[in-house]
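# Coordinates in review
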Amino acid sequence: MAVVFVVTMAIGMPIPFAAGIATVAGLHIADIPMTLMAQAAWTAFEPFPLVTIPLFVLAGQLMEQGGMSEKLVNIAQKLVGAYKGGLGLVTVVACMFFAALSGSGPATTAAIGSITIPAMQAEGYRSRFAGAIAAAAGALGSMIPPSNLLIIFALVTDVSIPRLFLAGIIPGILLGLMLMVVVFVISVKNDYGGTGEPFRWGPLLTAFWEGKWAVMAPVIILGGIYAGIFTPSEAAGVAVAYGLFVGLFIYRGLTLAKLFAAFKFTAIVIGTVLFILGSTKAFGQLVTIFDIPDAVLGLFRGLVDYPWLVMLLIGVFYIIVGMWLESIPQIIIFTAVFFPLVTSLGIDPVVFGIFTVMTCEIGFLTPPIGVNLFVAARISKTTIEDISVGVLPLLIPYLLMILLLVFFSGWVTFLPDLVYGPSR
């Protein structure tokens, strides 16, 4: 199965087809009826929380097309725009804000980068650095809730979505602050920026007031989930309704053409997700049938006294695989293999979920399948190779976060335990 999967990908076949053909090969070898493919696809599409993904994608598109991203950039500009690397810092802060709306790393890169990358280039930033900032900060969209990747992980493992969302807040904010430090240091070294207006409370409060509808979106969506007012699935519906209302009647940025573009983008994204889910779900079931998790457990049996080493090895594996495999199939396929192992070692499932998504974010930023790199390269009108070089120093915070998650993970579950009590 592994050989077929790798060979089909190597010849350029799309990942869902490669996973499907590898699964067919496994079924044939094991003499299992091919109806397992259809049954697996059905069970993959059945969970109701899956509806949150297209709804959050649509909500993010409506909020971007409706003008919320411009309001968030304006707030960030008034907050940190006067410092060295001001526009770079603005990009990171705005991505942190928009991440709480979109749930997607590439969408966050596109929404904020399309505004700030040209502005950075006009201010003298090197194109590859401007694009790299948007790509690296945009990856926060997969960590700061609501996160589509955390939802996928929850569907695969039955871990609580609200607990995962709460657990993603502190790592997401800490990672954003670390990215700001790197951007500031590089900007000081190269004399980028620092031409904005000096910080004053008046303009910042004015920007907050003008962008209050954009700022309130994550408060309503996430606050409603954590307060128990509605489920994550219902919150996604609320987000769509809120995005439509604000875009049509408050900011009036939504037109029929933009609405059509938002629905079209959402249809393409969810179609891709469902195709990947359908084929890789059967792949994951075969992994279980062949007792591959038990075999992996046997391989690591000598390391049971060193959970940190197991996590490091899994992290290195995920980062390497993430260079070649998209995040959703990566989570679906390999979580089935590694999740039983890490839980048997006493590692908190929520911590492993955050760890998994964090390694996937590095995959967004590494060629040849670094989605954020492609988005940023298109906006900055430079090459993938150039952006890949520019993003290297911005990978340092991600690697530091991986080490923090491995060696000091208790802080990750602080918020979930505070709100919902310790997990059993």
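Here, the structure is the one placed above.
Given the structure is predicted, the values throughout are model-derived calculations rather than measurements.

### Here's the deal with the overall build of the chain
- On a plain count of helices and strands, the chain comes out with 22 helices and zero strands.
- For the chain, whose C-alpha radius of gyration is 21 Å, the value lies close to the compact-globule estimate of 22 Å for 424 residues.
- Counting over 424 residues, the chain shows a buried share of 55%.
- Here the contacts in the chain between residues at least 6 apart in sequence split such that 78% fall between residues at least 24 apart.
- Of the charged side chains in the chain, 17 are positive and 19 negative; the average position of the first set lies 12 Å away from that of the second.

### As for helix α7 (residues 105-122)
- Given a rise of 1.5 Å per residue, 18 residues ought to cover 26 Å, and the 25 Å separating the end C-alpha atoms of α7 matches this to within 8%.
- Maximal helix bending in α7 amounts to about 50°, located at Gly113.
- Turning to α7, its buried residues number three or more, namely Gly105, Pro106, Ala107, Thr108, Thr109, Ala111, Ile112, Gly113, Thr116, Ile117 and Met120.
- After α7 finishes, the residue Gly124 shows a positive phi value of roughly 100°.

### Structural notes on the environment of Val391
- Looking at the secondary structure, you find Val391 in the loop between α20 (384-390) and α21 (396-407).
- Take Val391: its relative accessible area is 1%, and that puts it in the buried class.
- A C-alpha to C-alpha distance of 30 Å links Val391 and Thr8, two positions 383 residues apart in sequence.
- Once residues lying within four places of it in the same chain are set aside, the contact partners of Val391 are Ala132, Ala136, Leu365 and Leu373.

### Looking at the nonpolar core
- Membership of the largest hydrophobic core comes to 140 residues, with the highest contact counts inside it found for Met63, Ile314, Phe338, Phe352, Leu394 and Tyr398.
- What Leu394 contacts, discounting residues up to four positions off in sequence, is Ala132, Ile133, Ala136, Leu179, Val182 and Val183.

### Brief notes about helix α8 (residues 127-138)
- Compared with the 16 Å implied by 1.5 Å per residue over 12 residues, the 16 Å span of α8 between its first and last C-alpha is a close match.
- In terms of burial, α8 is a largely internal element, 10 of the 12 residues being buried.
- Of the positions making up α8, those classed as buried are Phe129, Ala130, Gly131, Ala132, Ile133, Ala134, Ala135, Ala136, Ala137 and Gly138.
- Looking at the buried side of α8, the elements it contacts are α6 (86-102), α7, α10 (161-190), α19 (371-380), α20 and α21.

### With respect to the pattern of salt bridges
- Overall, the coordinates contain two salt bridges when judged by the stated rule.
- Of the charged contacts in the structure, one is a salt bridge between Arg128 and Asp386, with a shortest N-O distance of 3.4 Å. Of the two residues, Arg128 sits in helix α8 while Asp386 sits in helix α20, which places them 258 residues apart along the sequence.
- The exposure class assigned to Arg128 is partly exposed, which follows from its relative accessible area of 21%.
- For Arg163, the salt bridge identified is with Asp417, shortest N-O distance 2.6 Å. Here Asp417 lies in helix α22 (residues 414-420) and Arg163 lies in helix α10, a separation of 254 residues in the sequence.
- You can call Arg163 buried: its relative accessible area is 11%.

### As for the packing of α6 against α7
- Here α6 crosses α7 at 160°, and the two axes come no closer than 9 Å. Considering their axes alone, α6 and α7 lie roughly antiparallel with respect to each other. Helix-helix and strand crossings are classified by hand; for α6 and α7 the assignment is right-handed. Here Leu87, Gly88, Val90, Thr91, Ala94, Cys95, Phe98, Ala99 and Ser102 of α6 lie close against α7, whose contacting residues are Ala107, Thr108, Ala111, Ile112, Thr116, Ala119 and Met120.
- Residues of the contact of α6 with α7, tallied by class, amount to 11 nonpolar, five polar and no charged.

Conventions we followed
- Residues numbered from 1 in each chain as written.
- Predicted model: local features only at pLDDT ≥ 70, side-chain atom pairs only at ≥ 80, totals over all residues.
- Heavy atoms only, no water.
- Helix = DSSP H or I, 4+ residues; strand = E, 2+ residues; numbered from the N terminus.
- Rg over C-alpha atoms; globule rule 2.2 N^0.38 Å.
- Buried < 20%, exposed > 50% of the residue type's maximum accessible area, 1.4 Å probe, protein only.
- Contact = heavy atoms within 4.5 Å.
- Lys, Arg positive; Asp, Glu negative; His and termini not counted.
- Charge placed at Lys NZ, Arg CZ, Asp CG, Glu CD.
- Expected span 1.5 Å × (residues − 1).
- Bend = angle between axes of the 7 residues up to and from the residue.
- Core = buried A, V, L, I, M, F, W, Y, C linked by side-chain atoms within 4.5 Å.
- Salt bridge = Lys/Arg side-chain N within 4 Å of Asp/Glu carboxyl O.
- Axes fitted to C-alpha atoms, helices over the stretch in contact; angles between N-to-C directions.
- Parallel < 35°, antiparallel > 145°, perpendicular 65-115°, else oblique.
- Left-handed = near helix turned anticlockwise from the far one by under 90°.
- Nonpolar A, V, L, I, M, F, W, Y, C, P; charged D, E, K, R; others polar.

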